[in-house]
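# Close look at the chain arrangement
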Amino acid sequence: MSEMRPQTIPVQRVAVTRSWLACLLAFVVPGLLTADSRWACGSDVVIEQAARTVVKIYGAGGFRGLEAYQTGFLVSSEGHVMTAMSTVLDSEEIDCVLDDGRRFAASLVGIDPRREMALLKLEAEGLPFAPLDGGSLEEGLARAEGGEAADGGPEGSRTVGASTGRGQRPAAPGTRVYALSNLFGVAVGDERVSVQQGVIAATVPLAARRGAYEAPYDGDVYLLDFTVNNPGSAGGLLVDVQGQPMGMLGKELRSTTAGIWLNYAVPLAEVAASFDMLLSGRPAETDAMADVLPFDTRRLGFLLVPDILEKTPPFVEAVLEASPAAAAGLREDDLLVAVGSQSVTSCAAVAEELARIDEGEPVRVSVIRDGRIVDAVLGPRPAVDLPALPEPSLGETL
Amino acid sequence: MSFSSTTRRRVLAAAVVGWNVAACLSGMAVPSRAAAAPGPLEAAEQRAFQVAAERGAASTVRIEVAGETGAVADQDAGGTSTGLVVGSEGWIVTSSFAVTERTVGVIVVLPDGSRHAAAVVGADPARKVVLLKIDPPRPLVEPEVAAKADLQVGQWTLGLGRAWGGETPSIAVGVLSAVDRSWGRGVQTDASISPANYGGPLLDIRGRVIGMLAPLAAESAGMVTGSELYDAGIGFAVPLEDIMAVLPRMQAGETLAAGILGISYTSRDVMTGEPVIATSHPGSPAAKAGIREGDRIVAVDGTPVGRIAGVRHQLAVRYADETVRLTLERGDSDPRERLTVEATLVDALPPYRRPMLGILPVAVPEGNPVEVAWVWPEGPAAQAGIAAGDRLESLQTTGGQPRPIQSGEQLAALLASLAVGEELRLQVRRGDAVLDVPVQTAAAACLIPPPDAAAAATPAPVNIEPLTAPEVANPPLAVIPELEEGVPMGVLIHFGPPRGAVTKDDAEPWRVAAGRYGIAVVLPGSNEPDRWSRDDLPGLARAMETLRSRGAVDPSRVACSGEAAGATFAWLAAETFAGRIRGVALIDGSIPRRSEVPQAEPGRPLSVLFGRPAEGWLPADASRQRQDEQRLDDAFVPYATLPEPFGPVLPTDDLCRWAGAVGIL
């Protein structure tokens, strides 16, 4: 943005023709002098603002399968950096390189095992940062230059207006975004991180794993239509084309349902909640998800075919007389396709979904019978922890 | 009202100064909101994406599958997929990644959330399209079709998917990368195409449907299913125009079959090889049209073709029962004779039984006439009176002209296209006379000639050396006979019990046989000390290249053999190098249970030799061999068993003789 002062043109001394020429120029010159802000393409400004908040992180690793680098971004002007929790941070020394080339040693403030995020602290002031409270990148830069702390108030008193902040509506599919990260570590030395572009494909709950390790976070993530699951991308910044921070790039994980590698980012609201928690030093929330005991369908009076395949289709094998299932009209050879509104494609899935229904709530199922879909309501769901029923032998009639 | 010129100038000056100041003040304002506004193009494109997706969403449905899906092992279809409406009365297409013709338990979830049972009605497996039918309460929304002729490479394309669930479909944005890809079956995009949106629509920026997303494979990259390609910047869609063209047939319950012509080429290289015919499958459309060995295809339905890939591109999109016009060049005249034939493609070829005459040719350098070394006493050539020393000059089928025989390979190709029991005449030179001999072909058999039949008068000296090749850790050891200049050698690759690297002691027993019969014996070692694994195969391929640099190799006499665990691996090696290995010997071993026995094809001869040890042969082994023999019978593959049980020493002499005879004509 230019701050030049153009000169006023002395009109009195020029001739008539030259004064018209001068007038013409006078209209044009100010436009030119302030041109770079008015005529600039929006994206390079947004990218410039975003890149200034992104940090290259170097730590432990550097051998097969575990790289020693990743990405993070500044979330306060005093040098708080949010990044992904990973083995890179398992180091005595964690180095951060800012966009302007300055290097800082970072200390690990805390880790959030459920969201797999971590908070680092650099000793610095006046750094550009990405606001977590719904402000745009531009506002963040202004606040940093104006000498404000992240929240504009005493440390520890910040409130994260995650879902109420401006621009925090859940992003619709098709929203254009930029992802900034040091993928593959190609930004060496003082180089700026890399930029990728694409759209948000969908917002879905995360169900993912890496090898045998299941990802602990199962909240919503933004699925992206371009490849961000690269080494070094985790912890990077996702912004929309208007300069609004959107979230943090995720880790290299496979979908448990489809088996394909996921390209995703964790929404900003979660990053904000994680920052809040780590900054205040509260212990990480333990996800008090009660162990879901699989539900024995015989309590409702029907038996599914033996679950011997990896994904056994849930056909009804038998229905007990005078049971809730019989009263609802369930029959042998019905194929269960949904419990409530949730589709089920295996016996294991049926048991899981039935267990999720609150005790006492009616059990609605949909089945395919003779090529048609039939709905049935199987009465209130009984308790799970009744004494165990004896194991049926194959072929036993109830 | 007129102003004096001075006043005018002053007013003007004031206006100019005022304008300057105002402009500068507004330009200086920090922060300037205008600076961070998105460029108008980006915002407009984003809006366009979202509007196009809304239009396409009305015709995009979710598919839920219980039980069998189409996906391969580690590419789990996960039970949910996407589908595209093609008919308002309830016709929906999806990809065979999620649903096959045999799948039961398919549910369609419409955009309004209602669930409907679906029946699988028809399919087009070559394009991975499956047609479903539901009974919707209200007519479904049919999409607008984007015409193929209007497509422009580089235009925006969007892929919609419902596999993740939710009210709105997922969106993937990219451009149209190419049209007429995957052997003419699909268009290509760089939008992210994956199980998340297979079966869903590929839209243009106006929300019209270009095609249905499907995992079409790129065979040159060695893929099997095509679903390995997600995340690679390449994805395919079957044009909706093409689907609509065959929709009535699928609605009638047909499973459309790709059309087969029934030819094989002399070159194995699809991309650069020239389309010269090696064999035509007896009883096939090609055989009925009169296409024969040596013909060269120059045009398909009037479109000129120069490479095998060009022919394939034209034929791959045809269905069975379609007729194609082929323009051929034939003969040795200059210019060559040109003719056009018509062939009606079929969905399957009749089973093939390879015919033979029972002649073992002398090993001679390329370009030399075929001289008989040995005649199988029980074979048609012997019955016809052909003897060792005869030179075969030409072959004449009933009603045809005599075709000159230029080499053993060419004679093999001529014979391969004939039927078993077919009558023909051979023009044979014996001494100074040329005889015209009638012969009737018989079914091919697996033979071990007697020791004097194929042996050289004096055994050639051999060299035992490793076949080193770049990046091969354990090079195989080879026993290579030193033959006369240009005389080709046969090859026998032997896999013993896996023991790690092979030593010279292992090679010694082969020395005499290799020299006697002119067979290069290749002995690979296993990378792991106790088992054979697929990692052992690439190194073997490279070692074979090294062998070819040592001397001429006769492609009709390449075989492999294996002992015990090595036998299973020998079979896998033959599968991997299909067409190049003409015989497999299973010594104290059997055909792996999960392997398929390939159906006999002209141009890909295969025979199998069994051998049992004198000690340690159990009734279970004998019954297993009978099962293997039945499988080979069903596939019309000839086989034989070594006459004597062997042991403890491997019958190297018998194996080398057999290897030399796998190319028997």
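Going along each chain's sequence as written, the residues are numbered from 1 onward. By the order in which they are written, chains take letters starting at A while ligands take numbers starting at 1. Given that this is a predicted model, residues contribute local features only at a pLDDT of at least 70 and side-chain atom pairs are listed and counted only at 80 or more, while totals for whole chains, interfaces and linings are drawn from all residues. Working from all heavy atoms in the structure, the side-chain values ignore hydrogens and water.

## Quick look at the overall build of chain A
As a reminder of what qualifies: Runs of E in the DSSP output that reach at least two residues are strands. Runs of H or I that reach at least four are helices, and both are numbered from the N terminus. Think of it in three bands: with a 1.4 Å probe and only protein chains considered, a residue is buried below 20% of the maximum accessible area for its type, exposed above 50%, and partly exposed in between. Should any heavy atoms of two residues lie within 4.5 Å, those residues are considered in contact. Using a 1.4 Å probe, the Shrake-Rupley method yields the accessible areas, and only the shown protein chains count as cover for residues.
Secondary structure summary: chain A contains 7 helices and 21 strands in total. For chain A, buried positions account for 52% of its 398 residues. In chain A, 62% of the contacts between residues at least 6 apart in sequence involve partners at least 24 apart. Surface exposure of chain A reaches about 19200 Å², of which carbon and sulfur atoms provide 54%.

## Thoughts on the overall build of chain B
This is how it is decided: Our radius of gyration looks at C-alpha atoms and nothing else; its globule reference is 2.2 Å times the residue count to the power 0.38. Charge counting treats Lys and Arg as positive and Asp and Glu as negative, with His and both chain ends excluded. By convention, charge coordinates are those of NZ in Lys, CZ in Arg, CG in Asp, or CD in Glu.
Helix and strand counts for chain B stand at 15 helices and 34 strands. Relative to the compact-globule value of 26 Å for 665 residues, chain B shows a C-alpha radius of gyration of 33 Å, a clear excess of over 25%. Seen through its principal axes, chain B has C-alpha atoms that stretch 125 × 65 × 55 Å. A total of 665 residues make up chain B; the buried ones form 52% of that total. Roughly 28900 Å² of accessible area belongs to chain B as shown, and the carbon and sulfur atoms make up 52% of that amount. When the 58 positive and 77 negative side-chain charges of chain B are each reduced to one mean point, those points stand 7 Å apart.

## Describing unusual backbone geometry
Residues and elements named next belong to chain B. With an omega dihedral of 5°, the bond running from Asp334 to Pro335 counts as a cis peptide bond. Positionally, Pro335 belongs in the loop between strand 17 (323–330) and strand 18 (337–344). Non-glycine residue Ser182 carries a positive phi angle of around 55°. Tracing the backbone shows Ser182 in the loop between strand 8 (170–181) and strand 9 (186–189). The class for Ser182 is buried, based on a relative accessible area of 11%. Not every positive phi belongs to a glycine, and Asp301 is a case in point at roughly 50°. Residue Asp301 is classed as partly exposed on the basis of its relative accessible area of 28%.

## Description of helix 6 (residues 308–315) of chain B
Helical geometry: 3.6 residues make up each α-helical turn, so side chains three or four residues apart lie on a common side. Residues and elements named next belong to chain B. Filter applied, for reference: Comment: arc refers to directions from the helix axis out to C-beta atoms.
Considered for burial, the residues of helix 6 that qualify are Ile308, Ala309, Val311 and Leu315. Seen from one end, helix 6 has its buried residues packed into an arc of 160°, which puts them on one side. In this structure, the buried side of helix 6 is in contact with strand 13 (263–265), strand 15 (296–300) and strand 17.

## Some words on the sheet that holds strand 15 of chain B
Residue and element names in this part refer to chain B. Condition: In short, DSSP must find at least two bridges between two strands for them to pair. As a rule, the C-alpha atoms of each element are fitted with a line to give its axis, helices using only the stretch in contact, and angles between N-to-C directions run from 0 to 180 degrees.
Spatial ordering of the open sheet is given by 16-15-17-18, a layout of 4 strands whose pairing is antiparallel. Each edge of the open sheet carries a strand with a single partner, namely strand 16 (303–304) and strand 18. Summarising the sheet, strand 17 and strand 18 pair through 8 bridges and their orientation is antiparallel. Bridge pairing links Arg325 to Glu342 in strand 18. The strands that helix 6 touches are strand 15, strand 16 and strand 17; relative to strand 15, the one it contacts most, it runs at about 40°.

## Quick word on empty space enclosed by the protein
Worth spelling out the cut-off: Using protein atoms alone on a 1 Å grid, points that fit a 1.4 Å probe yet trap it form a cavity, whereas open point sets bounded by protein on both sides within 12 Å along at least five of seven lines form a pocket; residues with an atom within 4 Å of a point count as lining. Grid points are joined across faces, edges and corners, and a volume is the space filled by probe spheres set on the points. Under this grouping Gly is polar, as are all residues other than the nonpolar Ala, Val, Leu, Ile, Met, Phe, Trp, Tyr, Cys and Pro and the charged Asp, Glu, Lys and Arg.
One pass over the full model with this rule turns up 7 cavities of 30 Å³ or more. Considering only enclosed or pocket space, the largest cavity measures out at about 200 Å³ in volume. Considering the residues around the largest cavity, the lining is formed by 18 residues, among which Leu224 of chain A together with Trp164, Ser192, Ser194 and Ala196 of chain B are closest to the centre. Among the elements that make up the lining of the largest cavity, the one with the highest residue count is strand 8 of chain B (3 residues). If you add up the space inside the second largest cavity, you get close to 80 Å³. By residue class, the composition of the lining of the second largest cavity is 10 nonpolar, 1 polar and 3 charged.

## Some thoughts on the environment of Asp347 of chain B
Residue and element names in this part refer to chain B. You can see Asp347 is positioned in the loop between strand 18 and strand 19 (355–356). Judged by relative accessible area, Asp347 falls into the exposed class, the value being 53%. With 87 residues separating them along the chain, Asp347 and Ile260 place their C-alpha atoms 5.9 Å apart. If we skip the residues at most four places from it in the chain, Asp347 touches Ala257, Ala258, Ile260 and Ala320.

## Observations regarding the confidence of the model for chain B
Residue and element names in this part refer to chain B. What counts here: Confidence of the predictor in every single residue is expressed as pLDDT, which spans 0 to 100.
The pLDDT averaged across chain B works out to 88; a share of 92% of its residues lies at or above 70. Element-level pLDDT for chain B is lowest in helix 2 (residues 33–36), with a mean of 43, against a maximum mean of 98 in strand 10 (residues 201–204). Note that residues 29–36 has pLDDT below 50 and, in this model, 13 contacts with residues that lie over four places away or in other chains. At the level of chain-chain contacts, confidence expressed as ipTM amounts to 0.71, with global pTM at 0.74.

## Some remarks on the sheet that holds strand 10 of chain B
All names here are of chain B. Strand order in the closed barrel formed by 6 strands is 7-8-9-12-11-10, with antiparallel pairing between adjacent strands. Neighbouring strand axes in the sheet, compared pairwise and without regard to direction, differ in orientation by 45° on average. Each of strand 11 (209–214) and strand 12 (235–239) touches helix 4 (residues 240–251); the most contacted strand, strand 12, lies at about 40° to it.

## A word on the pairing of strand 30 (residues 519–523) of chain B
Residues and elements named next belong to chain B. The element strand 30 is largely enclosed, with a buried count of 5 among its 5 residues. Alternating positions in strand 30 separate into two faces, Ile519, Val521 and Leu523 on one and Ala520 and Val522 on the other, with burial throughout. In the sheet, strand 28 (residues 477–481) pairs with strand 30 via 3 bridges, with the strands oriented antiparallel. Across the sheet, the residue bridging to Leu477 is Leu523, located in strand 30. Sheet topology places strand 29 (residues 489–495) next to strand 30; 4 bridges connect them, and they run parallel. Residue pairing for strand 30: Leu492 is matched across the bridge by Val521.

## Here we look at the nonpolar core
Counted only if it meets this: Joining through side-chain atoms within 4.5 Å is the link that ties buried Ala, Val, Leu, Ile, Met, Phe, Trp, Tyr and Cys residues into a set, and such a set is a nonpolar core.
Counting 39 residues, the largest nonpolar core has Met82 and Leu206 of chain A as its most contacted members. Secondary structure elements with two or more residues in this core: helix 3 (42–51), strand 6 (117–121), strand 7 (176–181), strand 8 (194–205), strand 11 (220–224), strand 12 (237–240), strand 15 (264–267) and helix 5 (268–280) of chain A. When residues in this core are grouped by element, the largest group, 6 residues, is from helix 5 of chain A. Formed by 36 residues, the second largest nonpolar core is a distinct cluster that contains Leu467, Leu586, Ile591 and Val608 of chain B.

## Side note on the packing of aromatic side chains
The geometry of an aromatic ring pair is captured by two quantities: the separation of the ring centres and the angle between the planes. Residue and element names in this part refer to chain B. As a reminder, the rule being used: Pairs were defined over the aromatic rings of Phe, Tyr and Trp, the Trp ring being its six-membered one, requiring ring centres within 6.5 Å. Orientation was assigned from the angle between planes: stacked under 30 degrees, edge-to-face over 60, tilted for the rest. Charge-over-ring placement is defined geometrically: NZ (Lys) or CZ (Arg) within 6 Å of the ring centre, and within 35 degrees of the ring normal.
Tallying each qualifying case throughout the model produces 6 aromatic pairs over all chains. A ring pair is formed by Phe610 and Tyr639, whose centres lie 6.3 Å apart and whose planes are at 75°; its orientation type is edge-to-face. Taken together, the residues Phe610 in strand 33 (residues 607–611) and Tyr639 in strand 34 (residues 639–641) connect sequence positions 29 residues apart. An aromatic cluster is built from Phe495, Trp532 and Phe569, whose rings are joined through pairwise contacts. The ring of Trp91 carries Lys133 above its face, with NZ or CZ at 5.5 Å from the centroid.

## Points about the state of the cysteines
Residue and element names in this part refer to chain B. To keep things clear, this is the line we draw: By disulfide we mean two sulfur atoms from cysteines, separated by a distance within 2.5 Å.
The final tally for this structure, using the stated rule, is 0 disulfides over all chains. No disulfide involves Cys446; its sulfur sits 12 Å from the nearest other cysteine sulfur, which is in Cys560. The exposure class assigned to Cys446 is buried, which follows from its relative accessible area of 8%.

## Comments concerning helix 14 (residues 619–634) of chain B
All names here are of chain B. Filter applied, for reference: Expected helix span is given by 1.5 Å per residue-to-residue step, counting one fewer step than there are residues.
For helix 14, spanning 16 residues, the distance from its first C-alpha to its last is 23 Å, which sits close to the expected 22 Å at 1.5 Å a residue. Inspection of helix 14 places Arg624, Gln625, Asp628, Glu629 and Leu632 among the buried residues, and these make up the whole buried set. Down the axis, helix 14 shows its buried residues gathered within 145° of arc, on one side only. Seen from the open side of helix 14, the exposed residues pointing more than 90 degrees away from its buried face are Pro619, Ala620 and Arg626. Buried residues belonging to helix 14 abut helix 13 (565–576), strand 33 and strand 34. Positive phi appears at Phe636, one or two residues downstream of helix 14, with a value of about 60°.

## Brief notes about the pattern of salt bridges
All names here are of chain B. Here is the rule: A pair is scored as a salt bridge if a Lys or Arg side-chain nitrogen falls within 4 Å of a carboxyl oxygen belonging to Asp or Glu.
Counted according to the given criterion, the structure contains 40 salt bridges over all chains. Arg318 serves as the salt-bridge partner of Asp301, at 2.7 Å between the closest nitrogen and oxygen. Of this pair, Asp301 sits in the loop between strand 15 and strand 16 while Arg318 sits in the loop between helix 6 and strand 17; the two residues are 17 residues apart in sequence, bridging distant segments of the chain. Since its relative accessible area comes to 14%, Arg318 is described here as buried. Bridged by salt links that share partners, the residues Arg516, Asp653, Asp654 and Arg657 form one connected network.

## A closer look at the environment of Leu335 of chain A
Following the sequence through the fold, Leu335 of chain A ends up in strand 18 (residues 335–339). The exposure class assigned to Leu335 of chain A is buried, which follows from its relative accessible area of 4%. Considering only alpha carbons, one finds Leu335 of chain A and Ala351 of chain A, 16 residues apart in sequence, at a separation of 14 Å. Residues in contact with Leu335 of chain A, not counting those within four places in the same chain, are Pro313, Pro314, Phe315, Ser366, Val367 and Ile368 of chain A together with Ala66 and Gly105 of chain B.

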